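What follows is the residue order along each chain.
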Amino acid sequence: MTEQNVKDLASQYLDEAMRQFRGHKRLTEGALSQLKDEEIFMTLDAEANSVAIIVKHLAGNMRSRFVDFLTSDGEKPDRHRDQEFEVTAQTMRADVMRWWEEGWHHVFAAVGSLQPQDLSRTVYIRAEPHSVLQAINRQIAHYAYHCGQIVFLAKHFRSTEWKSISVPKGKSEEFNRRMVEKQHAEKSESF
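Residues numbered from 1 in each chain as written. Predicted model: local features only at pLDDT ≥ 70, side-chain atom pairs only at ≥ 80, totals over all residues. Heavy atoms only, no water.

It is worth spelling out the nonpolar core at this point. Judged by nonpolar contacts, the single largest core of 42 residues is most densely connected at Phe21, Phe69 and Ile136. Elements supplying a minimum of two residues to this core: helix H1 (3-32), helix H2 (51-66), helix H3 (93-112), strand S1 (122-125) and helix H4 (132-158). Residue contributions to this core peak at eleven residues, all from H4. Dropping the residues within four chain positions of it, Phe69 is found in contact with Ala110, Leu114, Val123, Val132, Ala135 and Ile136. (Core = buried A, V, L, I, M, F, W, Y, C linked by side-chain atoms within 4.5 Å. Buried < 20%, exposed > 50% of the residue type's maximum accessible area, 1.4 Å probe, protein only. Helix = DSSP H or I, 4+ residues; strand = E, 2+ residues; numbered from the N terminus. Contact = heavy atoms within 4.5 Å.)

Structure (structure tokens):
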């Protein structure tokens, strides 16, 4: 593989990582938008996390991992992870949404500024070395896990009022047909 091919592949990886991060954010926002204010703070049982707590944890993780991403340990000394799993009665939906946006801002700013040659650099998380590529993959998986939890809770709380944010139940064939038609139309336009 030539140096240019490696650089192109690294660039494609960074684009794909951003696409996945944006997709997790967009899908989860589709779920968040359907929740009533009080549902953001509800739990399924005494050991479960609310949507608000999951968002607070995500935001804390995002800040810690992505602020000074290339130059400082991803577990910042001022991060108090255990406090991410606590909200007060004064916490409002606006606070939760502010945490959400601030967290994603850190992700997009850090990953968006990376260059292909940065993927092989070493970063640390809790003093453990990771290539930049490994660190990004770790966060994609972590955020997908928690975003899935939020979607699950939102769908549970909204129950019969839930509006699908992906392929609706029982609509797979229709969705697949539309996707094929869209691809054919795009190919026709390019000729």
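That shown, we press on.
Structurally, Thr28 is set in helix H1. For Thr28, a relative accessible area of 1% gives the class buried. Setting aside anything within four residues of it in sequence, one finds Thr28 in contact with Trp100, Cys147, Ile150 and Val151.

Another point: the packing of H2 against H3. Where H2 meets H3, the axes come as close as 8 Å, and the angle between the chain directions of the two elements is 30°. What the angle tells us is that H2 and H3 run roughly parallel. Seen along the crossing, H2 lies across H3 with a hand that is left-handed. Residues Ala52, Val55, Lys56, Leu58, Ala59, Met62, Arg63 and Phe66 of H2 form the contact with H3, whose own contacting residues are Val96, Trp99, Trp100, Gly103, Trp104, His106, Val107, Ala110 and Val111. Along the lines of polarity and charge, the residues of the contact of H2 with H3 split into 13 nonpolar, two polar and two charged. (Axes fitted to C-alpha atoms, helices over the stretch in contact; angles between N-to-C directions. Parallel < 35°, antiparallel > 145°, perpendicular 65-115°, else oblique. Left-handed = near helix turned anticlockwise from the far one by under 90°. Nonpolar A, V, L, I, M, F, W, Y, C, P; charged D, E, K, R; others polar.)

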